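Single-letter residue listing:
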Amino acid sequence: MSELMYKRVLVKFSGESVAGEDEHGIDPAILDQMAQSVKTCKNLGAQIGVVIGGGNLFRGEKLNQAGMDRVAGDHMGMLATVMNGIAFRDALERSGIKTRVMSAIAMPGVVEHYDRRLAIQLLNDGFFVIFTAGTGNPFFTTDTAGCLRAIETQSEIMLKATRVDGVYDSDPEINPDAVFYEELSFNDAITKNLKVMDATALTLARDHALPMKVFNVNKENALKDIICGKNVGTLIS
């Protein structure tokens, strides 16, 4: 436990991160890899909460552009995050990690309804807690939900898992000359419109002094290295 720089962290995984190369559906092999990464951190004494997206199963904004009501689409997207959360719980429990899934939308008999005090108690008791259904409200992204849950559970840092090594001035998957940022201020991330996450999430984190780290989920031991204080990804503070 003495190795840890951050004892309690909130990790934001995108829905696409559990889909593998297809970017759609759920890849059990990817979930197993994520579970092993988490287990390594748990063995060091870390307390970990997760917010997971649902873009691998459903994207409400696309149907909204085609004419679907935005609120209906967002509610469907929230349900997709619950499906991902249940799948991730299965992988974690098969790895021997005590796990609870909480939803911002009440679903008795399926997952637990989100309760801040219970979530903190579970983290203290060594449970891995997965927060699903976003904030429970339309018009808010799962990035914002991640910041909100991190603040509510008194996490020391929010970690955003992506497919690239951190924050760049442009998309490095398109522009090979994109410039990497090792550190950024919240104001710079907002004013430069770097697309690392939406402005609502960045503003919420800034106003509550919640540092963020953006890192490559596919980099071996990245999660462990970050909680142990190694220089991985981009720090936004």
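Undergrad: What is the right way to look at the overall build of the protein in this model?
TA: Secondary structure summary: the protein contains 8 helices and 11 strands in total. Compactness check: the protein gives a C-alpha radius of gyration of 17 Å against a globular reference of 18 Å for 237 residues, within 12% of the reference. When its C-alpha atoms are laid out on the principal axes, the protein stretches across 55 × 50 × 35 Å. Here the protein, with 237 residues, has 49% of them falling under the buried criterion.

Undergrad: Help me understand the sheet that holds strand β6 (residues 157–162), please; the structure alone is not making it clear to me.
TA: Either a parallel or an antiparallel arrangement is found when strands of a sheet pair, and the pairing is made through backbone hydrogen bonds. Spatially, 9 strands are ordered β4-β3-β5-β2-β1-β6-β10-β11-β9 in an open sheet, and the strand pairing comes out mixed. Each edge of the open sheet carries a strand with a single partner, namely β4 (112–113) and β9 (183–184).

Undergrad: For this particular structure, what's the right way to read the packing of helix α1 (residues 28–43) against helix α3 (residues 70–94)?
TA: Packed helix pairs are specified by the crossing angle of their axes together with the interaxial distance, meaning the distance between the axes. The interhelical angle for the contact between α1 and α3, taken along N-to-C directions, is 55°, at an axis separation of 9 Å. What the angle tells us is that α1 and α3 run oblique. As for how α1 packs across α3, the hand of that crossing is right-handed. Counted together, Leu31, Asp32, Met34, Ala35 and Val38 of α1 and Ala87, Phe88, Ala91, Leu92 and Arg94 of α3 form the full contact between these two elements. Considering only residue class, the contact of α1 with α3 consists of 8 nonpolar, no polar and 2 charged.

Undergrad: Got a minute to help me understand the environment of valine 110 in this structure?
TA: Along the chain, valine 110 falls in the loop between β3 (99–103) and β4. A relative accessible area of 44% means that valine 110 is categorised as partly exposed. Residues valine 110 and isoleucine 86, 24 residues apart in the sequence, show an inter-C-alpha distance of 8.8 Å. Excluding its chain neighbours within four sequence positions, the residues that come into contact with valine 110 are Ile86 and Arg89.

Undergrad: Would you mind showing me how to read the pattern of salt bridges here?
TA: Pairing between side chains of opposite charge can happen when their charged atoms approach one another. Tallying each qualifying case throughout the model produces 10 salt bridges. In this structure, arginine 94 and aspartate 32 form a salt bridge, with 3.3 Å as the shortest nitrogen-oxygen distance. Of the two residues, arginine 94 sits in helix α3 while aspartate 32 sits in helix α1, which places them 62 residues apart along the sequence. Close ionic contact of glutamate 152 with arginine 149 constitutes a salt bridge, the shortest N to O distance being 2.7 Å. Residue glutamate 152 and its partner arginine 149 are located together in helix α5 (residues 142–152), separated by 3 residues, close to a single helical turn. Judged by its relative accessible area of 21%, glutamate 152 falls in the partly exposed class. One continuous salt-bridge network, built from bridges that share partners, spans Lys12, Asp143 and Lys160.

Reading the values: rules and limits
- Residues numbered from 1 in each chain as written.
- Predicted model: local features only at pLDDT ≥ 70, side-chain atom pairs only at ≥ 80, totals over all residues.
- Heavy atoms only, no water.
- Helix = DSSP H or I, 4+ residues; strand = E, 2+ residues; numbered from the N terminus.
- Rg over C-alpha atoms; globule rule 2.2 N^0.38 Å.
- Buried < 20%, exposed > 50% of the residue type's maximum accessible area, 1.4 Å probe, protein only.
- Pairing = 2+ DSSP bridges.
- Axes fitted to C-alpha atoms, helices over the stretch in contact; angles between N-to-C directions.
- Parallel < 35°, antiparallel > 145°, perpendicular 65-115°, else oblique.
- Left-handed = near helix turned anticlockwise from the far one by under 90°.
- Contact = heavy atoms within 4.5 Å.
- Nonpolar A, V, L, I, M, F, W, Y, C, P; charged D, E, K, R; others polar.
- Salt bridge = Lys/Arg side-chain N within 4 Å of Asp/Glu carboxyl O.

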